[in-house]
Amino acid sequence: MATKTQEPDTDARQVEYTTYAPNGETCPDCKKPIKTLEPCRRIVRDRSSAGPAVRYRHVECPQ
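Residues numbered from 1 in each chain as written. Predicted model: local features only at pLDDT ≥ 70, side-chain atom pairs only at ≥ 80, totals over all residues. Heavy atoms only, no water.

1. Considering the overall build of the protein chain
- Along the protein chain, the regular secondary structure elements total zero helices and three strands.
- In sequence order, the protein chain lays out its α and β elements as β-β-β.
- Relative to its 63 residues, the protein chain shows a buried fraction of 19%.
- With an accessible surface of roughly 5200 Å², the protein chain has 48% of that area assigned to carbon and sulfur atoms. (Helix = DSSP H or I, 4+ residues; strand = E, 2+ residues; numbered from the N terminus. Buried < 20%, exposed > 50% of the residue type's maximum accessible area, 1.4 Å probe, protein only. Areas by Shrake-Rupley, 256 points an atom, 1.4 Å probe, with all protein chains shown as cover.)

Here you go:
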């Protein structure tokens, strides 16, 4: 039986973390812009048709 290779818990590519978004980013949950120097969550999702998709969300989304 084949086993799945485990990724380390510290691999930031696999989980979200708090950071600052580039200018012009919009939260996909509430559709409001993320302000400059406002802490937000960076989330990376793998896509089968292309490279990974990077999104930014408010830490505490007002939605």
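2. Quick look at the nonpolar core
- If you look at the biggest cluster of nonpolar residues, it comprises six residues: Ala 21, Cys 27, Cys 30, Ile 34, Cys 40 and Tyr 56.
- Not counting chain neighbours up to four residues away, the residues in contact with Ala 21 comprise Ile 34, Cys 40 and Tyr 56. (Core = buried A, V, L, I, M, F, W, Y, C linked by side-chain atoms within 4.5 Å. Contact = heavy atoms within 4.5 Å.)

3. A short note on the environment of Asp 29
- Of note, Asp 29 is situated in the loop between strand E1 (17–20) and strand E2 (39–45).
- Look at Asp 29 and you get partly exposed, because its relative accessible area is 35%.
- Placed 28 residues apart in sequence, Asp 29 and Arg 57 show a C-alpha to C-alpha distance of 7.2 Å.
- A distance of 3.3 Å separates a polar atom in the side chain of Asp 29 from a polar atom in the side chain of Arg 57. (Polar contact = N/O pair within 3.5 Å; in protein donor to acceptor, adjacent residues only side chain to side chain.)

4. Observations concerning the pattern of salt bridges
- Going through the model one piece at a time under the given rule, you end up with one salt bridge.
- Close ionic contact of Asp 29 with Arg 57 constitutes a salt bridge, the shortest N to O distance being 3.3 Å. In this pair, Asp 29 is assigned in the loop between E1 and E2 and Arg 57 in strand E3 (residues 53–58), connecting sequence segments 28 residues apart.
- Classification of Arg 57 by relative accessible area gives partly exposed; the value is 23%. (Salt bridge = Lys/Arg side-chain N within 4 Å of Asp/Glu carboxyl O.)

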